[in-house]
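Single-letter residue listing:
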Amino acid sequence: STGIFECNICHLTEFALLMSAKNLSLAAMPDMVPAAYECAAPAAPEGIPFALDAETQVTFTDAPALADPAAPADTPLACQRLVARTFTVVTFFGTPAGGVRTQLLPIRDSSAPVFAQPPAPVTVACEYDKQGLVDLAPALAALRSQAPALLDCSPHPALNVSLPEGLTFACGMSFNATYTLTDMCGNSRAVAALVSIAPQPVAVAAITGGTVGGLAAAALAAVGALVAYRNRVAIAAWRRARQQRRSKAQIPAGEAKDDLEMKPVDEAAQAAAAAAAAAAAAKQQQEKKKKQRKPAKPPAIKPLQAQLARVAQAAAQAARSTPEASA
């Protein structure tokens with residue numbers, strides 16, 4: 001037993017000498033890293049005050065994040081926090097004296113979120129809203145539905161889609177919408193996305209050989225489109241006027257509800273009436289052309305016979321008067 005004890009003392013002496021020679025103490029590490037890390041702490045230990053070798057390892061564990069006393073009040077932990085990281089030196093002989101050290105790592109989020117890929121262009125159909133203006137709801141829905149993937153160290157950055165202000169939208173035009181990304185730490189980034197509104201569809205009827213039926217069909221399509229457009233404009237103007245009256249509290253208390261509701265316009269009936277009028281006009285034009293192609297009537301026979309009788313009578317009178325004049 002004496003030999004074993006002496007041998008253990010020998011090993012302990014060698015261990016102490018080895019630790020002293022390698023100086024594996026972590027006492028030289030600062031209590032806090034001076035420069036803050038962005039988004040997250042490094043995955044590998046940094047700032048070890050000695051060179052590692054095959055017989056020396058340094059392990060670490062991170063405690064839950066702590067509030068940074070230097071941060072403003074109510075600052076989320078995701079934006080500014082402290083992580084307590086405990087380092088431990090591990091050798092063949094164990095952990096030497098001074099081989100355990102806890103260090104504070106400041107973490108910040110000062111980077112704006114980014115798109116994993118740029119937003120794709122969007123094309124929407126030309127539609128009108130209840131006010132008779134170009135309906136932008138399909139464009140906004142298409143932009144939101146294709147929201148690209150986001151990259152940010154804060155969870156769930158907010159995505160907002162906006163359209164340019166002060167612009168009169170019309171069918172067939174293109175403009176840039178704006179995606180704005182904002183994370184919970186106040187970092188934001190704006191990216192443009194191209195939006196195109198398709199041209200106004202025009203219904204063109206087939207005109208075969210310039211026939212009256214083809215012209216009437218084309219006129220019907222044109223009149224129907226014009227009537228629909230004028231109805232939309234009229235309804236939009238009426239609704240704006242009604243809203244102004246309501247906002248100024250000028251509607252009498254006993255006014256009937258029917259007076260405030262505009263009767264729906266029967267666009268199909270108006271288009272049918274316009275088509276009937278166009279067909280009647282075409283029919284009148286045809287009858288007029290037929291009348292113009294009729295042959296002229298021959299001169300009346302009775303007036304011509306009377307004229308010849310008068311000429312013969314005058315000649316006879318001249319003949320009778322001639323001998324008397326010679327005698």
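**Some points on the overall build of the protein chain**
Secondary structure summary: the protein chain contains six helices and eleven strands in total. Considering the protein chain as a whole, with its 327 residues, one finds that 21% of them fall into the buried category. Looking at the protein chain alone, contacts between residues at least 24 apart form 62% of all its contacts between residues at least 6 apart. Surface accessibility of the protein chain: about 21700 Å² in total, with carbon and sulfur atoms responsible for 60%.

**Some words on the environment of leucine 194**
Note that leucine 194 resides in strand S11 (residues 188-197). Owing to a relative accessible area of 39%, leucine 194 belongs among the partly exposed residues under this scheme. Excluding anything up to four places from it in sequence, leucine 194 contacts Pro121, Val122, Ser174, Phe175 and Asn176.

**Here's the deal with the state of the cysteines**
The tally for this structure, following the rule as stated, stands at three disulfides. In this model cysteine 39 forms its disulfide with cysteine 153; the gap between the sulfur atoms is 2.4 Å. A torsion of -60° about the S-S bond marks the disulfide between cysteine 39 and cysteine 153 as left-handed. Taken together, the residues cysteine 39 in the loop between strand S1 (37-38) and strand S2 (56-62) and cysteine 153 in the loop between strand S8 (150-151) and strand S9 (158-162) connect sequence positions 114 residues apart. Sequence-ordered numbering of the bonded cysteines in the protein chain yields a pairing of 1-4, 2-6, 3-5.

**Some points on the environment of alanine 149**
Examined against the element boundaries, alanine 149 turns out to sit in the loop between helix H2 (137-145) and S8. Taking relative accessible area as the criterion, alanine 149 reaches 47% and is therefore assigned partly exposed. Sequence-distant contacts of alanine 149, defined by excluding residues within four places in its chain, comprise Val114, Phe115 and Ala116.

**Points about the pattern of salt bridges**
Enumeration according to the criterion identifies three salt bridges in this entry. In this structure, arginine 108 and aspartate 68 form a salt bridge, with 3.1 Å as the shortest nitrogen-oxygen distance. Remark: aspartate 68 occurs in the loop between strand S3 (66-67) and strand S4 (80-91) and arginine 108 occurs in strand S5 (residues 100-108); sequence separation between them is 40 residues.

**Digging into the side chain of glutamine 103**
With respect to the element layout, glutamine 103 can be found in strand S5. A polar side-chain atom of glutamine 103 sits 2.8 Å from the main-chain carbonyl oxygen of proline 30. Those residues in contact with glutamine 103, other than ones at most four positions away along the chain, are Met29, Pro30, Asp31, Met32, Val33, Val83, Ala84, Arg85 and Phe87.

**Section: the side chain of aspartate 183**
For aspartate 183, the position within the fold is in the loop between strand S10 (174-182) and S11. At 2.8 Å, the side chain of aspartate 183 and the backbone nitrogen of asparagine 187 are in polar contact.

**Some words on the sheet that holds S11**
The strand order S7-S11-S10-S9 describes an open sheet built from four strands, whose pairing is mixed. The open sheet has two edge strands with one neighbour each: strand S7 (122-124) and S9. Put simply, the sheet's adjacent strands are angled 30° from each other on average, direction ignored. Of the strand pairs in this sheet, S9 and S10 are connected by five bridges, and their pairing is antiparallel. Along S10, the bridge assignment pairs alanine 158 with threonine 182.

What counts as what
- Residues numbered from 1 in each chain as written.
- Predicted model: local features only at pLDDT ≥ 70, side-chain atom pairs only at ≥ 80, totals over all residues.
- Heavy atoms only, no water.
- Helix = DSSP H or I, 4+ residues; strand = E, 2+ residues; numbered from the N terminus.
- Buried < 20%, exposed > 50% of the residue type's maximum accessible area, 1.4 Å probe, protein only.
- Contact = heavy atoms within 4.5 Å.
- Areas by Shrake-Rupley, 256 points an atom, 1.4 Å probe, with all protein chains shown as cover.
- Disulfide = S-S within 2.5 Å.
- Salt bridge = Lys/Arg side-chain N within 4 Å of Asp/Glu carboxyl O.
- Polar contact = N/O pair within 3.5 Å; in protein donor to acceptor, adjacent residues only side chain to side chain.
- Pairing = 2+ DSSP bridges.
- Axes fitted to C-alpha atoms, helices over the stretch in contact; angles between N-to-C directions.

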